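What follows is each chain in one-letter form.
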Amino acid sequence: GAFGRNRGLRPIPPEKGIFPLDHLHECDTEKKEYLGCLKSSANKSEQCRHLSKKYLQCRMAKNLMAKQDMSELGFSGVKELDSTEYIRIKSSIQH
């Protein structure tokens, strides 16, 4: 078709894992915490899984991705950290 369009073909929904960008920056705090953790832990993502989970939960809460059980996303053993536990882990990563 003209300009590269395929006339008559219906658009297909995006594959799983593709979701809208956070144009309104609704989950920026969670994203920055996670990226900061990765940076301070030499990109050892296992040490930052609790923040990755928090970020995905934010995205689901703001309808930036489909709601799913966290165990389906690989977070069955990842618990929420209380603030003292988070501070302890954060300081151990930085040293």
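In every chain, residue numbers begin from 1 and rise along the written sequence. Totals for whole chains, interfaces and linings use all residues, but because this is a predicted model, local features are given only for residues with pLDDT of at least 70 and pairs of side-chain atoms are given and counted only at 80 or more. Each side-chain value is derived from all of the structure's non-hydrogen atoms; neither hydrogens nor water enter the calculation.

Attention shifts here to the state of the cysteines. Two cysteine sulfur atoms make up a disulfide if the distance between them is within 2.5 Å. Here the structure, examined in full by the defined rule, presents two disulfides. Between the sulfur atoms of Cys27 and its disulfide mate Cys58 the distance is 2.1 Å. Of note, the bridge from Cys27 to Cys58 carries an S-S torsion of about -95 degrees and is left-handed in sense. Remark: Cys58 occurs in helix H2 (residues 49–61) and Cys27 occurs in the segment before helix H1 (28–40); sequence separation between them is 31 residues. Each member of the pair Cys27 and Cys58 is classed as buried. For Cys37, the disulfide goes to Cys48, at an S-S distance of 2.1 Å. The sign of the S-S torsion, about -90 degrees, decides the handedness of the disulfide formed by Cys37 and Cys48: left-handed. A residue pair is termed long-range when its members are at least 10 positions apart, and Cys37 in helix H1 and Cys48 in the loop between H1 and H2 qualify at eleven residues. The same class applies to Cys37 and to Cys48, which are both buried. For the protein, the bonded cysteines connect in the pattern 1-4, 2-3 when numbered consecutively along the sequence. Strands are runs of DSSP state E lasting at least two residues, helices are runs of H or I lasting at least four, and both sets are numbered from the N terminus onward. Classification of residues uses two cut-offs on accessible area relative to the type maximum, computed with a 1.4 Å probe and protein chains only: under 20% is buried, over 50% is exposed, and between them is partly exposed.

This paragraph deals with the UniProt feature "domain: CHCH" (unreviewed entry) in the protein. UniProt positions are given in the numbering used here, feature names are shortened, and annotations may be inferred rather than shown by experiment. Per the UniProt record, the feature "domain: CHCH" (unreviewed entry) sits at residues 27–61. With 74% helix and 0% strand, residues 27–61 has end C-alpha atoms that lie 10 Å from one another.

Even without glycine at this site, His25 takes up a positive phi of about 60 degrees. Along the chain, His25 turns up in the segment before H1. Non-glycine residue Asn63 carries a positive phi angle of around 60 degrees. Mapped onto the secondary structure, Asn63 falls in the loop between H2 and helix H3 (83–94). Using a relative accessible area of 58% as the deciding quantity, one classes Asn63 as exposed.

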